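Fold and contact review
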Amino acid sequence: MSDTPTRAYHHGNLRNELLDTAEAQLAAGSDELSLRALARAVGVSQTAPYRHFSDKNELMVALATRGYQQLLSKLKEAGSAAEDPESRLRAFAHTYVNYAVAHPDLFRLMFGPMEKPQEDYPELRQAMRDTYDLVRAIMREGMDQGVFEHDDAAYLANAGWSGIHGLATLKIDTPELFERHIDLQRQIDLGVDIFVSGLRKHAD
């Protein structure tokens, strides 16, 4: 028996290796994304991946969860350098779109349909909620500081998210729109400016 599977178990990183390989194959457009194919690619026995994922759907959910966690980390980092709610929204918008552009297939997976309901995967649900709560917190911060008009923070967060998510989707699904006449970063700034102008509190 080959010592490759044993080595993988000993260094305790097989799950991450499987996820890394799955993400790479996803980005390469592989139509052979399966636990058995991953086992061959990583160099372990065909049964080894089933110690970490019960089926392909569980693997895809794990990939989506990791994508949300990566995005959340980048958003927090970008937001920490901003000084006020408006600049934080702008930093979030650029970070969000740039993440989608850098990881288009993973981004589609994160927001695409799952074979099983999200209720079965609390880690995925929490990662999604944490990302949403980060946006909602900016809305509340702006209202608390008297910068934004008072409204329901959840609705404002949805409005802001949907706008920047639509732009990210346009970029990865119809890149030709941005190849000649539309500068992506300028488009992001304009979208944020229009959104913030509607939020900004005006003097009576």
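Keep in mind it's a predicted model, so treat the numbers as computed, not measured.

**Overview of the packing of aromatic side chains**
Inspection of every chain in the model, using the stated rule, returns seven aromatic pairs. Relative to Trp161, the ring of Phe111 lies with its centre 6.4 Å away and its plane at 85°, an arrangement referred to as edge-to-face. Of this pair, Phe111 sits in helix α6 (residues 104–111) while Trp161 sits in helix α8 (residues 153–173), placing them 50 residues apart in sequence. The class of Trp161 is buried, set by a relative accessible area of 15%. Members of the aromatic cluster, joined through ring pairs, are Tyr68, Tyr96, Phe107, Phe111, Tyr132 and Trp161.

**Considerations on the confidence of the model for the protein chain**
Mean pLDDT over the protein chain works out to 87, with 88% of the residues at or above the 70 mark. When the elements of the protein chain are averaged for pLDDT, helix α1 (residues 4–10) gives the smallest value, 43, and helix α5 (residues 85–102) the largest, 96. Within the model, pLDDT remains below 50 along residues 1–11, and this stretch shows 12 contacts once partners closer than five positions in the same chain are excluded.

Reading guide: rules and limits
- Residues numbered from 1 in each chain as written.
- Predicted model: local features only at pLDDT ≥ 70, side-chain atom pairs only at ≥ 80, totals over all residues.
- Heavy atoms only, no water.
- Phe/Tyr/Trp six-rings, centres within 6.5 Å; stacked < 30°, edge-to-face > 60°.
- Helix = DSSP H or I, 4+ residues; strand = E, 2+ residues; numbered from the N terminus.
- Buried < 20%, exposed > 50% of the residue type's maximum accessible area, 1.4 Å probe, protein only.
- pLDDT = per-residue confidence, 0-100.
- Contact = heavy atoms within 4.5 Å.

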